Amino acid sequence: RQPLLAVGGARAATVLWELGYGGRVVLLGAAEHPPYERPPLSKGYLLGDDPFEKALVHPLGWYAEHDVDLRLGVTATGLDTDAHVLTTSAGDLTYERLLLATGAEPRVLDVAEEADVPVAYLRTLEDSDRLRAAFGDGKRIAVVGGGWIGLEVAAAARTAGSDVTVFEMEDLPLLRVLGPTVAEVIADLHREHGVDLRLGTEVTVQDLEGADLVVAGIGVRPRVDLAHDGGLDVDDGVLVDSRLRTSVPSVLAVGDIANHAHPRLGRRIRVEHWDTAIKQGKVAAHNLAGGDEEYEEMPYFFTDQYDLGMEYVGRASAEDEVVVHGSLEDREFRAYWLSDGDVVAAMHVNDWDASDVIKEAVESGELPDEEA
Ligand code: FAD
């Protein structure tokens, strides 16, 4: 029997084993490390609190023990979906079904590349090691991009004693994601911790001169080269149907590359979240093994910055009305974003009892009673 192949996608391989899938499963990864999770790279691991082993999806021995043929340091370079052949740096592989989970790569910041300063991005273990080594008392760290990654890096760099400047061209960090009311809370948090926030202007080469390290966190590009090569439909990621199938039914795609026809939202979304990559991996595994499941989870995300923990469910736009329960001042609250009266997204800040409450609000679309 021809193998079932996954490029990336450790979670899908796990579920195939759990399902008792009897065929061969080959898992390819370009990196030399066993599959690992990225959220710690800008949090506990970057802070030096957690060892790398904690970020591993499974210990290295797990794969062989569970009949998953893990091939590390192997890059897939070409795809022929008619012949069912994947070209790789270690030779050709034929497959019966293929899962693409090639993820995303950081967008390059031209202005930083032009400046005479070291420039770093954050996607891999090695990137995180490089950042941690550059942080320290009095080190001047310039962060370009006030999104989740940029802000987590700023928090870690400040915690390590660095002088941190964050450049964000919007008037507030995370303005488009959170809207002004909640984005202001995040801005204040960083100011109070001594971050120099430079907002509302585009960063220049001069701004960056003199930094010991510039960290660019200006977003990612989905890695769609293989999908292009295989002639799959691509438009801001690989187009997949509600069951995560690409335009060629024997090929599925999940995670950061998947531009998914969301059955409950009734539109396409591409989500760059850890939780989505895992849960789509599970549904894809069922479908690779002959199942017929739709993926209908709402996007879910968490972040930690200083002593603040937050969870966010759904997807809001900056125009949506926001209703806050709790105290913005004390940074302990729940925020609900409403579109035409329906809750489309919700977040809690330092209020872990509210985890289920915000999820239910987004599921039902109904604003919960504050007292309840
Ligand atoms: P990836 O994790 O990028 O994995 C893709 C894998 O495929 C890589 O290992 C790559 O080497 C391999 N690959 C690519 N092309 C090839 C090829 N041609 N041949 C062989 N192998 C290939 N999300 C959250 O929800 N919460 C967070 O707090 C959070 N924090 C994050 C912090 C950091 C620093 C980063 C970088 C991301 C964070 N994310 C977070 C986002 C989350 O990690 C991603 O959404 C998730 O990793 C996507 O998983 P994926 O499997 O699609 O891709």
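Parameters at a glance
- Residues numbered from 1 in each chain as written.
- Predicted model: local features only at pLDDT ≥ 70, side-chain atom pairs only at ≥ 80, totals over all residues.
- Heavy atoms only, no water.
- Pairing = 2+ DSSP bridges.
- Helix = DSSP H or I, 4+ residues; strand = E, 2+ residues; numbered from the N terminus.
- Axes fitted to C-alpha atoms, helices over the stretch in contact; angles between N-to-C directions.
- Parallel < 35°, antiparallel > 145°, perpendicular 65-115°, else oblique.
- Left-handed = near helix turned anticlockwise from the far one by under 90°.
- Contact = heavy atoms within 4.5 Å.
- Nonpolar A, V, L, I, M, F, W, Y, C, P; charged D, E, K, R; others polar.
- Near = heavy atom within 4 Å.
- Polar contact = N/O pair within 3.5 Å; in protein donor to acceptor, adjacent residues only side chain to side chain.
- Areas by Shrake-Rupley, 256 points an atom, 1.4 Å probe, with all protein chains shown as cover.
- Expected span 1.5 Å × (residues − 1).
- Buried < 20%, exposed > 50% of the residue type's maximum accessible area, 1.4 Å probe, protein only.
- Arc of directions from axis to C-beta.
- Salt bridge = Lys/Arg side-chain N within 4 Å of Asp/Glu carboxyl O.
- Core = buried A, V, L, I, M, F, W, Y, C linked by side-chain atoms within 4.5 Å.
- Phe/Tyr/Trp six-rings, centres within 6.5 Å; stacked < 30°, edge-to-face > 60°.
- Lys NZ or Arg CZ within 6 Å of the ring centre and 35° of its normal.

Novice: So what about the sheet that holds strand β4 (residues 76-80)? Which residues, and what values?
Specialist: Strand order in the open sheet formed by three strands is β4-β5-β6, and the pairing between neighbours is antiparallel. Whereas interior strands pair on both sides, the edge strands pair on one side only; in this sheet they are β4 and β6 (91-94). Pairs of neighbouring strands in the sheet enclose a mean axial angle of 20°, with direction left out of account. One ladder, built from four bridges, connects β4 with strand β5 (residues 85-88); its direction is antiparallel. Bridged to Asp-80 within β5 is Val-85.

Novice: Could you give an account of the packing of helix α6 (residues 148-159) against helix α7 (residues 175-192), with specific residues and numbers?
Specialist: Running from amino to carboxyl end, α6 crosses α7 at an angle of 15°, the nearest separation of the two axes being 12 Å. Relative to α7, the element α6 lies roughly parallel. As for the relative orientation of α6 and α7, their crossing is left-handed in sense. Contacts between α6 and α7 pair Trp-148, Leu-151, Ala-154 and Ala-155 from the former with Val-177, Leu-178, Ile-186 and His-190 from the latter. Among the residues forming the contact of α6 with α7, the class breakdown is seven nonpolar, one polar and no charged.

Novice: Explain the site of the ligand to me, using residue names and the numbers behind them.
Specialist: If you check the shell around the ligand, you find 28 residues, and the closest are Arg-38, Lys-43, Ala-76, Arg-123 and Asp-256. In the environment of the ligand, an oxygen atom lies 2.4 Å from a nitrogen or oxygen atom belonging to the side chain of Lys-43. At 3.1 Å, a backbone N or O of Phe-302 approaches an oxygen atom of the ligand. Summarising the interface, the protein chains cover 88% of the accessible area of the ligand, which totals 990 Å² for the free molecule. Mapped by element, the contributors of at least two residues to the shell around the ligand are α10 (274-288) and β19 (300-305). For the shell around the ligand, the residue count by class is 14 nonpolar, eight polar and six charged.

Novice: Lay out α6 with the relevant residues and their values.
Specialist: Taking 1.5 Å per residue as the helical rise, α6 with its 12 residues ought to reach 16 Å, and the 16 Å between its terminal C-alpha atoms agrees with that figure. Burial analysis of α6 places nine of its 12 residues in the buried class, the great majority of the element. Gly-161 sits one or two residues past α6 and shows a positive phi near 95°.

Novice: How would you summarise helix α11 (residues 355-364) if you had to cite specific residues and measurements?
Specialist: Buried within α11 are the following residues: Ser-355, Ile-358, Ala-361 and Val-362. Buried residues in α11, looked at end-on, bunch into an arc of 140°, giving them a common side. Residues Asp-356 and Glu-360 are exposed on α11 and point more than 90 degrees away from its buried face. The inward-facing, buried residues of α11 abut β20 (308-314), β22 (332-339) and β23 (342-349). Among the residues trailing α11, Gly-365 stands out with phi positive, at a value near 80°.

Novice: Describe the pattern of salt bridges, listing the residues and the values that go with them.
Specialist: For the coordinates displayed, the defined rule picks out 23 salt bridges. The partner of Asp-256 in a salt bridge is Arg-123, and the shortest N-O contact between them spans 2.9 Å. Placement of the pair is Asp-256 in the loop between β16 (251-253) and β17 (258-262) and Arg-123 in the loop between β9 (119-120) and α5 (125-134), with a sequence separation of 133 residues. Of the residues examined, Arg-123 reaches a relative accessible area of 17% and is grouped as buried. With a shortest N-O distance of 3.7 Å, Asp-129 and Arg-132 are connected by a salt bridge. Taken together, the positions of Asp-129 and Arg-132, both in helix α5 and three residues apart, correspond to about one turn of that helix.

Novice: Which residues make up the nonpolar core, and what values go with them?
Specialist: Leu-131, Phe-135, Val-153, Leu-178, Tyr-312, Trp-337 and Met-347 are the most contacted members of the largest nonpolar core, which totals 48 residues. Sorting elements by how many residues they give to this core places α7 first, with eight residues. Apart from the residues within four sequence positions on either side, Leu-178 is in contact with Trp-148, Ala-183, Ile-186, Tyr-312, Trp-337 and Met-347.

Novice: Account for unusual backbone geometry, with residues named and values stated.
Specialist: Of note in the backbone geometry, Leu-174 takes a positive phi value of approximately 60° without being a glycine. You can see Leu-174 is positioned in the loop between β11 (163-168) and α7. You can call Leu-174 buried: its relative accessible area is 6%. Of note in the backbone geometry, Arg-331 takes a positive phi value of approximately 55° without being a glycine. Secondary-structure assignment places Arg-331 in the loop between β21 (321-327) and β22. Taking relative accessible area as the criterion, Arg-331 reaches 13% and is therefore assigned buried.

Novice: Give a detailed account of the packing of aromatic side chains, specifying residues and quantitative values.
Specialist: Scanning all chains against the criterion turns up seven aromatic pairs. Each ring, one from Trp-62 and one from Tyr-63, has its centre 5.2 Å from the other, and the planes form 80°; the classification is edge-to-face. Its relative accessible area of 12% is what places Trp-62 among the buried residues. On the basis of relative accessible area, Tyr-63 is assigned to the buried category, the value being 1%. An aromatic cluster of at least three residues, connected via ring pairs, comprises Trp-17, Trp-62 and Tyr-63. Over the ring of Tyr-45 we find Arg-132, and its NZ or CZ is 4.6 Å from the ring centre.

Novice: Describe the packing of helix α1 (residues 10-18) against α10, listing the residues and the values that go with them.
Specialist: Interhelical geometry of α1 versus α10 gives an angle of 45° and a closest axis separation of 8 Å. Between α1 and α10, the interaxial angle falls into the category oblique. Relative to α10, the crossing made by α1 is right-handed. Packed against α1, whose contacting residues are Arg-11, Ala-12, Val-15 and Leu-16, the element α10 presents Ile-278, Gly-281, Lys-282, Ala-285, His-286 and Leu-288 at the interface.

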